[in-house]
Structures are given as C-alpha cells and as structure tokens.
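# Geometric and topological summary
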Amino acid sequence: MNLAQAIAKAEFPEKLSCLFDPPRSRYRVLFGGRGGAKSWGVARALLILAARDQLRILCAREYQTSIKDSVHKLLSDQIADLGLDGFYEITQASIKGKNGSEFFFVGLKNNISNVKSFEGIDVCWVEEAQTVSKSSWNVLIPTIRKEHSEIWVTFNPELETDDTFQRFVAHPPKDCVIEKIDWSDNPWFPETLRLEKDALKERDIEAYNTVWEGVCRQTVDGAVFAREMQAADLEGRIMKVPYDPAKPVHAVFDLGWADATAIWFVQFIGMEIHLIRYIEDNQRTISHYLSVMQTYGYVYDTLWLPHDAQNKTLAANGRSIEEIVRAAGYKVQITSKVPVSDSINAARTIFPKCYFDREECAEGLQCLRHYRYDVDPDTKMFSKSPLHDNYSHGADAFRYIGLVVNEPRKVKKQTTYQLPASWMG
Ligand SMILES: Nc1ncnc2c1ncn2[C@@H]1O[C@H](COP(=O)(O)OP(=O)(O)OP(=O)(O)O)[C@@H](O)[C@H]1O
Ligand SMILES: [Mg+2]
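By convention here, each chain's residues receive numbers from 1 onward along its written sequence. Chains carry letters from A onward and ligands carry numbers from 1 onward, assigned in written order. Selection of residues for local features in this predicted model requires a pLDDT of at least 70, selection of side-chain atom pairs for listing and counting requires 80 or more, and totals for whole chains, interfaces and linings are taken over all residues.

### Observations regarding the overall build of the protein
- In this description a helix means any DSSP run of H or I spanning at least four residues, a strand means any run of E spanning at least two, and both kinds are numbered starting from the N terminus. On a plain count of helices and strands, the protein comes out with 15 helices and 17 strands.
- We compute the radius of gyration over the C-alpha atoms and compare it with the globule rule, which gives 2.2 Å times the number of residues raised to the power 0.38. Taking 2.2 N^0.38 as the reference for a compact globule, 425 residues should give roughly 22 Å; the C-alpha atoms of the protein span a radius of gyration of 24 Å, in line with that estimate.
- Each principal axis of the C-alpha distribution contributes one length, and for the protein these read about 80 × 50 × 40 Å.
- Counting across all 425 residues of the protein, residues that qualify as buried make up 40%.
- The contact criterion used here is simple: two residues whose C-beta atoms, placed from the backbone, lie within 7 Å are in contact. Relative to all contacts within the protein whose residues are 6 or more apart in sequence, the contacts with residues 24 or more apart total 75%. Here exposure depends only on C-beta density: within 10 Å of a residue's C-beta, 20 or more other C-beta atoms make it buried, 12 or fewer make it exposed, and intermediate numbers make it partly exposed, the C-beta atoms being placed from the backbone.

What follows is the structure, given as structure tokens:
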C-alpha cells in the first residue's frame, strides 16, 4: 500500500484533528480517561507524517527499562494495520522509513545524558506522561530545540499536583493545543473496556471518574499520607525552605541498586523539620551519592543509613556501604529495623512539623503523594502493606526520618549522638 492509500485508510476520532491542525504548534497535548484512542491516534498520525516528510521522532516515557516498555510494539502494529510495511523497516530497537525518517525510544528517568544526546528531533512524543517528573521535563524540553520542533504529550490525569497536569493543563504554555479526550470520544471503544468501565462505575464512582472520565482526584486511591499531605498543602508548609548555614544537615537514605536510592536532606530547626532537598537515582555507587552531596555546600551532621547498609557487598570489594561512608569521613547511624506500619506511624507523628522546599523536594513530594497501600488481588481491598513501586523509595526514606526523630532511645544506645531535647517527646 502506498502513502495515499494509507492516508485514505487511517481514520481518527474527530477530536484528534488537533494533531494536524494548526500545521505548527510547539505542544500538542491529549489527556483524558482510559480508552480514548490517544495512543492509537498519535501512533497513526506520526507514522503518516513521517512517511510524508523525513522526520526524526523521539518516543519518550518516564520509565523504560527495555524496548518492550515503549510504543515500539504499538507503532509496529499500526504500520501493519495501515499497510505501510513496505515503507518502514522495523528493527529490534528502531523503526526507519525509506525516506530517512526514524523513530527512537528512550526512558527519561535517570537517563539524562542519553536524553541530551538526541539532536535534531522534529517531534517528541511523550506517552504515559502523568508520571514524568519535573526534572525530566526540565531536561527534555530544551533538548527538543530544532526549529519548528514539536512536543506531543499523551496522558491519563491522576493528581492535580502532578507536574505534567500543572505544566500543560493548569498553566498551559504558549503555543499549545490541548484536547481532553475520553472513551465517549472513541468510536471504536472496545466492548471489553466498556464492561470494565461499567463495573468500576458501580463499585467506586470516585475511582471511575478518574480512570474513565479523566478527572483529577485529590489523593490517589489508598494514599498512605493522604491527610498529612493535604494538611501540608492547606497549612502552607510546602514553600521555599532554604538551607540554614547555622545548622548542620542530616541525610536520610533508602538504598537500592536496580531500585532507586532515595535521600532526604533534613535540618532540625527549633521544633520544625526542614526538608530542604530530595534526590533519587539508581544504579549508582554510594561514592557517587557522596560526591553529589558535596556539591550542595552543606555542612553535614549524620548520614542515616538503613540496616541493609551493614551488608557486605560484592560490588564494593566485600566492604559494606556503612564502612564506605564511614571511611569517607561521615558520621553514620543505622536507622532501626521496625515493621513498616510502625515507621508509617512514626512518619505521621512528624508530618505536622515538616516544611518542604517546593522546588528542591518536588520529586520527594511526588513520592509522598503517590505512596499507597497495595490492593489485595483476591479481596480487592487495600492490604496493610504499601505498594512497592517507583514512588515507594522516596516514601520509605521519609519513614526513616520518622524513626530518626521518634526513636531517640535506640539511637542513643548506638552512639553518643542525641537529637535536641525538643524531639524527645
Ligand atoms: N483509529 C482507530 N481505529 C480503530 N480502533 C481504534 C482506533 N483508535 C482506537 N481504537 C480502539 O480503541 C482502543 C483504545 O485506544 P487507545 O489504546 O489508543 O486509547 P488510549 O486513550 O491510549 O487509552 P489509555 O488511556 O488506556 O492508554 C484501542 O485498543 C482500539 O481497540
Ligand atoms: Mg494509551
């Protein structure tokens, strides 16, 4: 089939005309509930545009550990469906057109140098963009810098505070086309999805409104710190919280290798707990984090490591992370090992005293807002354990701050360090 036949074959829901009209727009944003034909529509539109003109297209998402996580499969299926197989060559990691067009696939999270290396991109499609963090957007957007280049964004909204929602819907940039598109706009809405949709509507109307109607909710379903985060918002405790050079900084760690390592930087100021910075990354050595920590110009008090920091690691010639950090000259404490529910309670007790820096803790705040209880697959009820996901590491490290503050007796046994008397109660 040639291009003219493919164009004649491709049908789009009416709302997707915004993908072609106006002919130039810096941003095109499609958001809404599940099954709105966003992904299919964008895939088809890009395949047709790249068959007409030579384009370099970057398909990005926040989390992509392998090409399987990307839209490579969706594009490949749509190529077959449009009858463009003769035009596009599909390899394991890329898709190339006979006219020199090319599709690339990248995960944004922790891949900053890789993202920056993409030059001359005409269109960047960011799929499942609800999870894209502020820092990922801040790297990606200036990378897409070719004259007349465009950024296409598709997502299912979740929380109003999510950066993607704030950036594109609450405060849309100039030169941005936005369309909300839901299942009711999709003429090919599949019957299987209709059954799922109707079942959820009966079971849980609030969840239904978010999942299918694309309405933001106040807190995620089963949010562990729902009330605490709402109070922090209402009481204005998410604000500018600068480093106070008169006080040292405590760094509280959750350690991971394939999973993220998360670190909160905390100052205890009078009765207040100042969260001045949060960072996370993965597949980095502890020495990497220590050198990053030196760039902030803080005076450090104690580095609080979780108990698994005491394990000897193969990667570090049989030394434990605790030993490496001590050898680097830091004061180290191990946060006590307690049941998760106890440390959640400990975190709840400190929450009202916490002041978060809006900018520097943006990713950590996302973790706290999205940290939620797992759902038992049998009963469909929330279990007592939180879900292990991309947000849980930042929340785990935050739980450890609760332990740091709430367990002075245990802490005292280990070393001579004591928190200020005001923390003992
Ligand atoms: N142009 C089309 N032609 C035929 N069927 C389509 C078309 N677009 C969408 N569909 C059907 O609608 C279904 C949902 O579309 P799609 O996966 O694009 O929705 P979505 O908005 O990306 O959903 P989600 O928010 O769940 O990712 C597809 O699986 C397909 O069955
Ligand atoms: Mg989709």
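### Here's the deal with the site of ligand 1
- In this text, near has one meaning. A residue is near a molecule or strand if its C-beta atom, placed using the backbone, is within 6 Å of it. Near ligand 1 you find 15 residues, and of these Arg34, Lys38, Ser39, Trp40 and Trp188 are the closest.
- Of the residues in the shell around ligand 1, the class split is six nonpolar, six polar and three charged. Here the term charged refers only to Asp, Glu, Lys and Arg, the term nonpolar to Ala, Val, Leu, Ile, Met, Phe, Trp, Tyr, Cys and Pro, and the term polar to all other amino acids, Gly among them.

### Details of helix H6 (residues 163–170)
- Restricting attention to buried positions, one finds in H6 the residues Asp163, Thr164, Arg167 and Phe168. Mapping the buried residues of H6 onto a view down its axis gives an arc of 100°, with all of them on the same face. Arc definition: directions from the helix axis to the C-beta atoms.

### Section: the sheet that holds strand E11 (residues 261–269)
- Pairing is mixed across the open sheet formed by seven strands, whose spatial order is E9-E15-E12-E11-E10-E13-E14. Every interior strand has two partners, whereas the edge strands, strand E9 (238–239) and strand E14 (331–334), have only one.
- The pairing of strand E12 (residues 272–281) with strand E15 (residues 354–357) spans three bridges and is classified as parallel. Looking across to E15, one finds that Leu275 is bridged to Phe356. Pairing between two strands is assigned when DSSP locates at least 2 bridges connecting them.

### Comments concerning the sheet that holds strand E8 (residues 176–180)
- The eight strands are arranged E3-E4-E5-E2-E6-E7-E1-E8 in an open sheet whose pairing can be described as mixed. The sheet terminates laterally at strand E3 (88–90) and E8, the two strands that pair on one side only. Between one strand axis and the next, the sheet turns by 15° as a mean value, whatever way the strands run.
- Note that strand E1 (residues 27–31) and strand E7 (residues 150–155) share five bridges and pair parallel. Bridge assignment links Val29 to a residue of E7, and that residue is Val153. Angular values range over 0 to 180 degrees, each being the angle between N-to-C directions of two axes fitted as lines to C-alpha atoms, with helices fitted over their stretch in contact.

### Observations regarding the environment of Asp163
- Turning to its location among the elements, Asp163 is positioned in helix H6.
- By C-beta crowding, Asp163 is classed as buried, having 21 other C-beta atoms within 10 Å.
- Here Asp163 is in contact with Ser133, Lys134 and Trp137, once residues within four sequence places are set aside.

### Examining the domain arrangement of the protein
- Considered domain by domain, the protein is made up of domain 1 (6–203) and domain 2 (226–415).
- Summarising the inter-unit geometry, the C-alpha centres of domain 1 and domain 2 are found 34 Å apart.
- Considered class by class, the residues forming the side of domain 1 that touches domain 2 number two nonpolar, four polar and one charged. Delimitation of the domains relies on an automatic or database domain assignment.

### As for the nonpolar core
- One nonpolar core equals one set of buried Ala, Val, Leu, Ile, Met, Phe, Trp, Tyr and Cys residues connected by C-beta atoms within 7 Å. Ranked by internal contacts, the top residues of the largest apolar core, which has 55 residues, are Val252, Ile263, Trp264, Leu275 and Ile401.
- Among the elements that line this core, the one with the most residues is helix H14 (residues 392–406), at eight residues.
- Those residues in contact with Val252 that lie beyond four places of it in its chain are Ile263, Trp264, Val266, Trp304, Ala397, Tyr400, Ile401 and Val404.
- Leu46, Ala50, Cys59 and Leu140 belong to the second-largest nonpolar core, a separate cluster that totals 47 residues.

### Quick look at the packing of helix H2 (residues 38–52) against helix H3 (residues 72–82)
- In contact at an axis separation of 9 Å, H2 and H3 are set at 65° when each is read in the N-to-C sense. Accordingly, the angle class assigned to the pair H2 and H3 is roughly perpendicular. Like other packed secondary-structure pairs, H2 and H3 cross with a definite hand, here right-handed. Contacts from Ser39, Trp40, Ala43, Arg44 and Leu47 in H2 reach Leu74, Leu75, Gln78, Ile79 and Leu82 in H3.
- Here the contact of H2 with H3 is composed, by residue class, of seven nonpolar, two polar and one charged. An angle below 35 degrees is treated as roughly parallel, one above 145 as roughly antiparallel, one from 65 to 115 as roughly perpendicular, and anything else as oblique. Crossing handedness: left-handed means the near helix sits turned counterclockwise from the far one by under a right angle, and right-handed means the same turn made clockwise.

### As for the pairing of strand E13 (residues 300–305)
- Both strand E10 (residues 249–254) and E13 contribute to a ladder of three bridges, which runs parallel. The residue of E13 that forms the bridge with Ala251 is Leu303.
- Direction of pairing for E13 relative to E14: parallel, over a ladder of four bridges. Across the sheet, residue Thr302 finds its bridge partner in E14, namely Lys331.

### Some details on the environment of Ser385
- Inspection of the secondary structure assignment puts Ser385 in strand E17 (residues 382–386).
- Sequence-wise, Ser385 and Val340 are 45 residues apart; in three dimensions their C-alpha atoms are separated by 7.5 Å.

### Overview of the confidence of the model for the protein
- The predictor's confidence in any single residue is recorded as pLDDT, a number from 0 to 100. Chain-level statistics for the protein give a pLDDT mean of 92 and a share of 95% at 70 or above.
- Here residues 409–414 scores under 50 on pLDDT; set against residues more than four positions off or in separate chains, the count is six contacts.

### Digging into unusual backbone geometry
- Cis peptide bonds are those with omega within 30 degrees of zero, and the linkage from Asp21 to Pro22 qualifies with 5°.
- Checked against the element boundaries, Pro22 lands in the loop between helix H1 (3–9) and E1.
- We note that Ala37 has phi near 70°; this positive angle belongs to a residue other than glycine.
- If you trace the backbone, Ala37 turns up in the loop between E1 and H2.
- Given 22 C-beta atoms within a 10 Å radius, Ala37 is considered buried.
- Phi is positive for Glu128, which is not a glycine, with a value near 55°.

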